[in-house]
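Structural features, examined
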Amino acid sequence: MPNMTSNSTAGQDARPVMIEARNIIKSFGNNRVLDDVSLTLGQGEVVAVIGPSGSGKSTFLRCLNHLETIDEGSIRIEGETMAAAVAGERSQYASDADVRRICRKMGMVFQSFNLFPHMTVLQNIIEAPITVKGMARADIVPKAEELLRKVGLLNKRDNYPTRLSGGQKQRVAIARALAMEPDIMLFDEPTSALDPELTGEVLRTMKQLADERMTMLVVTHEMGFAREVAHRVIFMDDGRIVEEAPSAEFFAAARHARSREFLAHML
Ligand SMILES: Nc1ncnc2c1ncn2[C@@H]1O[C@H](COP(=O)(O)OP(=O)(O)OP(=O)(O)O)[C@@H](O)[C@H]1O
Ligand SMILES: [Mg+2]
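Description of the structure in this document. These figures come from a predicted structure and were not determined experimentally.

**Points about unusual backbone geometry**
Not every positive phi belongs to a glycine, and Glu 78 is a case in point at roughly 45 degrees. With respect to the helices, strands and loops of the structure, Glu 78 is situated in the loop between strand E4 (72–77) and strand E5 (80–86). Of note, Asp 238 is a non-glycine position whose phi angle comes to about 55 degrees, a positive value. Judged by relative accessible area, which is 60%, Asp 238 ranks as exposed.

**A look at the packing of helix H3 (residues 121–131) against helix H4 (residues 137–150)**
Orientation of H3 relative to H4, taken along the N-to-C sense of each, is 130 degrees, at an axis distance of 9 Å. When the interaxial angle is binned, H3 and H4 end up oblique. Where H3 crosses over H4, the two elements pack in a sense that is right-handed. Between H3, through Val 121, Leu 122, Ile 125, Ile 126, Pro 129 and Ile 130, and H4, the contact on the second element is made entirely by Arg 137, Ile 140, Val 141, Ala 144, Glu 145 and Leu 148. Of the residues assigned to the contact of H3 with H4, the class counts are 10 nonpolar, no polar and 2 charged.

**Remarks on the layout of surface pockets**
A volume near 690 Å³ is recorded for the largest pocket. Asn 65, Met 106, Gly 107, Met 108 and Met 180 are, among the 25 residues lining the largest pocket, the residues nearest its centre. Counting only elements with at least two residues in the lining of the largest pocket, the list comes to helix H2 (96–103), strand E7 (106–109), H3 and helix H5 (166–178).

**Focus on the pairing of strand E1 (residues 17–28)**
For E1 and strand E2 (residues 31–42), the ladder comprises 9 bridges, and the chain directions are antiparallel. Within the sheet, the bridge partner assigned to Ala 21 lies in E2 and is Leu 39. The hairpin turn running from E1 into E2, its antiparallel successor, is 2 residues long, and Gly 29 in that turn takes a positive phi close to 60 degrees.

**Focus on the pattern of salt bridges**
Applying the stated criterion across every chain, the model contains 21 salt bridges. When the shortest N-O distance is used, the salt bridge between Glu 20 and Arg 76 registers 3.9 Å. Of this pair, Glu 20 sits in strand E1 while Arg 76 sits in strand E4, placing them 56 residues apart in sequence. The shortest N-O distance in the salt bridge between Glu 80 and Arg 101 comes to 3.0 Å. Placement of Glu 80 in strand E5 and of Arg 101 in helix H2 is noted, with a sequence separation of 21 residues between them. Salt bridges linked by common partners bring Glu 80, Asp 98, Arg 101 and Lys 105 together as one network.

**Quick notes on the site of ligand 1**
Taken together, the residues surrounding ligand 1 are Phe 28, Asn 31, Val 33, Pro 52, Ser 53, Gly 54, Ser 55, Gly 56, Lys 57, Ser 58, Thr 59 and Glu 189. Within the contact set of ligand 1, an oxygen atom lies 2.8 Å away from a side-chain nitrogen or oxygen of Ser 58. One nitrogen or oxygen atom from the side chain of Glu 189 is found 3.3 Å from an oxygen atom belonging to ligand 1. Burial of ligand 1 by the surrounding chains reaches 59%, relative to a free accessible area of 630 Å². Elements supplying a minimum of two residues to the shell around ligand 1: E2 and helix H1 (57–64). If one sorts the elements of the shell around ligand 1 by residue count, H1 sits on top with 3 residues. Here the residues of the shell around ligand 1 are counted per class, giving 3 nonpolar, 7 polar and 2 charged.

**Digging into the environment of Gly 166**
Tracing the backbone shows Gly 166 in helix H5. You can call Gly 166 buried: its relative accessible area is 17%. Residues Gly 166 and Ile 126, 40 residues apart in the sequence, show an inter-C-alpha distance of 20 Å.

Each value, and the rule that gives it
Residues numbered from 1 in each chain as written. Chains lettered and ligands numbered in written order. Predicted model: local features only at pLDDT ≥ 70, side-chain atom pairs only at ≥ 80, totals over all residues. Heavy atoms only, no water. Helix = DSSP H or I, 4+ residues; strand = E, 2+ residues; numbered from the N terminus. Buried < 20%, exposed > 50% of the residue type's maximum accessible area, 1.4 Å probe, protein only. Axes fitted to C-alpha atoms, helices over the stretch in contact; angles between N-to-C directions. Parallel < 35°, antiparallel > 145°, perpendicular 65-115°, else oblique. Left-handed = near helix turned anticlockwise from the far one by under 90°. Contact = heavy atoms within 4.5 Å. Nonpolar A, V, L, I, M, F, W, Y, C, P; charged D, E, K, R; others polar. 1 Å grid on protein atoms, 1.4 Å probe; cavity = no way out; pocket = protein on both sides within 12 Å on 5 of 7 lines; lining within 4 Å. Points joined across faces, edges and corners; volume = space filled by probe spheres on them. Pairing = 2+ DSSP bridges. Salt bridge = Lys/Arg side-chain N within 4 Å of Asp/Glu carboxyl O. Near = heavy atom within 4 Å. Polar contact = N/O pair within 3.5 Å; in protein donor to acceptor, adjacent residues only side chain to side chain. Areas by Shrake-Rupley, 256 points an atom, 1.4 Å probe, with all protein chains shown as cover.

Structure, rendered in structure tokens:
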């Protein structure tokens, strides 16, 4: 990946906590897929989540964004409790209205773009701000255009998604998430469905966001992005966080045998 160097943001201490997940346990039937997972994410931090297939990376992100519910543990977003731990019982969630409101602080981008096929690029971006946030069309359209300019796709404003390449679709998906003005962006393998020559343009858009100090949690197989843009790396295996370290440290000398084995396969 070309010219991605910039993970210069240091000290994680004094910044506001954006995500605080504590001791999360999540099972599907008898299959425990998250086993005591904890994470703290500070404002402006970029954290890469890596690990083998089936290790629970997507499930973890989906729990943070309430696309799945947790069994045990707690989730706080910007200091607000979405799910509270209750000793010996299931976690207790905030009211539906509060959960919805808290989740709006987070935008999510998936591997499979999920654009509305019957809407133009512009319509895709303004839909949620109008219907969910009640924004006026006159206010959101210029903003959507500004976001399209930012991801380099203003000229595709009136195209339908079928006319776009995968990389372009993903950049529209990023613009669409940003149109809701989230404080945190969650990415689940945003480049995995793309041909190699299209991943660069999406990673550059993500790096630009990182440079603007967006708080980002990124599940990725792109080790170049994890090493050069992420401040921290979390390595998951079998539903657990096996290792968590500043990226430079992790890539120079992973402490755990399983992390090293994974890296040997990826690099
Ligand atoms: N809705 C579901 N119902 C039942 N099992 C599920 C469900 N979603 C995920 N799982 C299981 O949970 C485990 C973790 O899956 P998850 O998708 O979180 O892994 P992942 O680390 O994201 O993998 P990948 O790298 O392949 O995307 C797997 O064993 C998977 O089969
Ligand atoms: Mg996944």
